[in-house]
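# Residue-level structural notes
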Amino acid sequence: HIAGTNGKGSVALKTARSLELATGDDGTRSNTVGLFASPHVSSFRERMSVNGVPISEEEVEKYLSAVFAACETHDIPATFFEITTAL
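Residues numbered from 1 in each chain as written. Predicted model: local features only at pLDDT ≥ 70, side-chain atom pairs only at ≥ 80, totals over all residues. Heavy atoms only, no water.

## Quick notes on the overall build of the protein
Looking only at helices and strands, the protein features 3 helices and 3 strands. Element order for the protein, N to C, with α for helix and β for strand: α-β-β-β-α-α. The C-alpha radius of gyration computed for the protein amounts to 16 Å, which surpasses the reference 12 Å derived for 87 residues by more than 25%, pointing to a less compact arrangement than a globule. Taken along the three principal axes of its C-alpha coordinates, the protein extends 50 × 30 × 25 Å. The buried share of the protein, taken over its 87 residues, is 17%. For the protein, the distance from the average position of its 7 positive side-chain charges to the average position of its 11 negative side-chain charges is 10 Å. (Helix = DSSP H or I, 4+ residues; strand = E, 2+ residues; numbered from the N terminus. Rg over C-alpha atoms; globule rule 2.2 N^0.38 Å. Buried < 20%, exposed > 50% of the residue type's maximum accessible area, 1.4 Å probe, protein only. Lys, Arg positive; Asp, Glu negative; His and termini not counted. Charge placed at Lys NZ, Arg CZ, Asp CG, Glu CD.)

## Describing the pattern of salt bridges
For the structure on display, the rule yields 1 salt bridge. Of the charged contacts in the structure, one is a salt bridge between Arg17 and Glu20, with a shortest N-O distance of 3.0 Å. Residue Arg17 and its partner Glu20 are both found in helix 1 (residues 8-21); the two are separated by 3 residues, about one turn of the helix. Residue Arg17 is classed as partly exposed on the basis of its relative accessible area, which comes to 45%. With relative accessibility at 12%, the residue Glu20 sits in the buried group. (Salt bridge = Lys/Arg side-chain N within 4 Å of Asp/Glu carboxyl O.)

## Considering helix 1
Compared with the 20 Å implied by 1.5 Å per residue over 14 residues, the 20 Å span of helix 1 between its first and last C-alpha is a close match. Regarding helix 1, the residues found buried are Ala12, Ala16 and Glu20. Angular distribution of buried residues about the axis of helix 1 spans 70 degrees; they occupy a single face of the element. (Expected span 1.5 Å × (residues − 1). Arc of directions from axis to C-beta.)

Here's what the structure looks like:
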C-alpha cells in the first residue's frame, strides 16, 4: 500500500516495474507482479494489471458480473471503489 498526497501512481508503477525486472539467484526473472492503481487515466482496465499487462475486457465482463451478482445476492450496497477492488 502506498499512501500520501502526490506521486502514489508513479511510485507504485516504478516499484512494480522494478519487481518485474528483478532476477533471482539463478539470473532468471520469476516474479509475477500485480498492480492495482487508482484513478485510471484513459481506460478503466489500466487500474488492474499483471506484469504490466492490463486486465482484458473479457476478464472485466466476466468478473464484474460475478461481483455484481455477489452484491445483489448478499444485499451489499457496494461503492464504485469497493466493486473495483473486488474485481
